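Here are the chains, one letter per residue:
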Amino acid sequence: MSELAGIVMERLTSEFEAARDPGRATGMAAYMRDQFPFIGLPAPIRRARARAALTGLRAPDADDLRAVVLACWSRPDREFQQFACDYLAAHVRVPGPPFLDTVAELITTKSWWDTVDTLATHVVAGLVRRHPLLTERMDEWSRADDMWLVRTAILYQLHYGELTDTSRLFGYCEAQAGHPDFFVRKAIGWALRHYARTDADAVRAFVAAHRDQLSTLSVREATKHL
């Protein structure tokens, strides 16, 4: 672990533990279907504590980022993984294309929507935007066996707006239209609904053309505001 990573983890642990709330932790774990234990820090408190922990520290390089996020992923309490996602999103301009392998490791371990969606729409989104050759990896992820990689491929362009590669967005949605998992079907609807803010007619046309293949959930989410 790098020196900076060690300091970050020491400070972060101290800040989080000082605010531990066992009563709230029980409810937070239940909300996440008891997938992970929690310290009991709502997002505003967690982020305030994280800011305090990072005060005065230098910006991380790519090695620091990897060390911090992997250390966070090794901790049992979910707030550490949530912090890691925020930390990466804040420094997404630092790492180069090889860092996508680290992000894939995070997406496919301790996987749930709270971390995967931040990684997809902020971290993967930023890496691919800065390094367009990584779109080939998105093509691979869109066909992956791991549903969280599929969800990431569908969602990474969520905030691209007019820069959205519609052939990829629609292509991924069509390819996974019959996916059996809720989280993939939901992602299809969410991605289409969001893109409808940019081109509603294109989304209407896509849904109309593929209504027989798309799940009811995907159609409902995609057309919610059309």
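Our subject is the structure that appears above.
Conventions adopted
Residues numbered from 1 in each chain as written. Predicted model: local features only at pLDDT ≥ 70, side-chain atom pairs only at ≥ 80, totals over all residues. Heavy atoms only, no water. Helix = DSSP H or I, 4+ residues; strand = E, 2+ residues; numbered from the N terminus. Buried < 20%, exposed > 50% of the residue type's maximum accessible area, 1.4 Å probe, protein only. Salt bridge = Lys/Arg side-chain N within 4 Å of Asp/Glu carboxyl O. Contact = heavy atoms within 4.5 Å.

Novice: Looking at this structure, how should I read the environment of Trp141?
Specialist: Take Trp141: it is sitting in helix 8 (residues 135-141). Judged by its relative accessible area of 5%, Trp141 falls in the buried class. Distance in space between the C-alpha atoms of Trp141 and Ile154 is 9.1 Å, their sequence separation being 13 residues.

Novice: What is the right way to look at the pattern of salt bridges in this model?
Specialist: A side chain with one charge may pair with a side chain of the opposite charge, provided their charged atoms come close. The tally for this structure, following the rule as stated, stands at 17 salt bridges. Note that Arg47 is salt-bridged to Asp86, the shortest N-O span being 2.9 Å. Of this pair, Arg47 sits in helix 3 (residues 43-54) while Asp86 sits in helix 5 (residues 78-90); the two residues are 39 residues apart in sequence, bridging distant segments of the chain. For Arg47, a relative accessible area of 39% puts it in the partly exposed group. Its relative accessible area of 22% is what places Asp86 among the partly exposed residues.

Novice: When you look at the environment of Phe99 in this model, what are you seeing that I'm missing?
Specialist: Looking at the secondary structure, you find Phe99 in helix 6 (residues 99-107). C-alpha of Phe99 to C-alpha of Ser167: the two residues are 68 residues apart in sequence and 25 Å apart in space. If we skip the residues at most four places from it in the chain, Phe99 touches Ala62, Leu65, Arg66 and Leu88.

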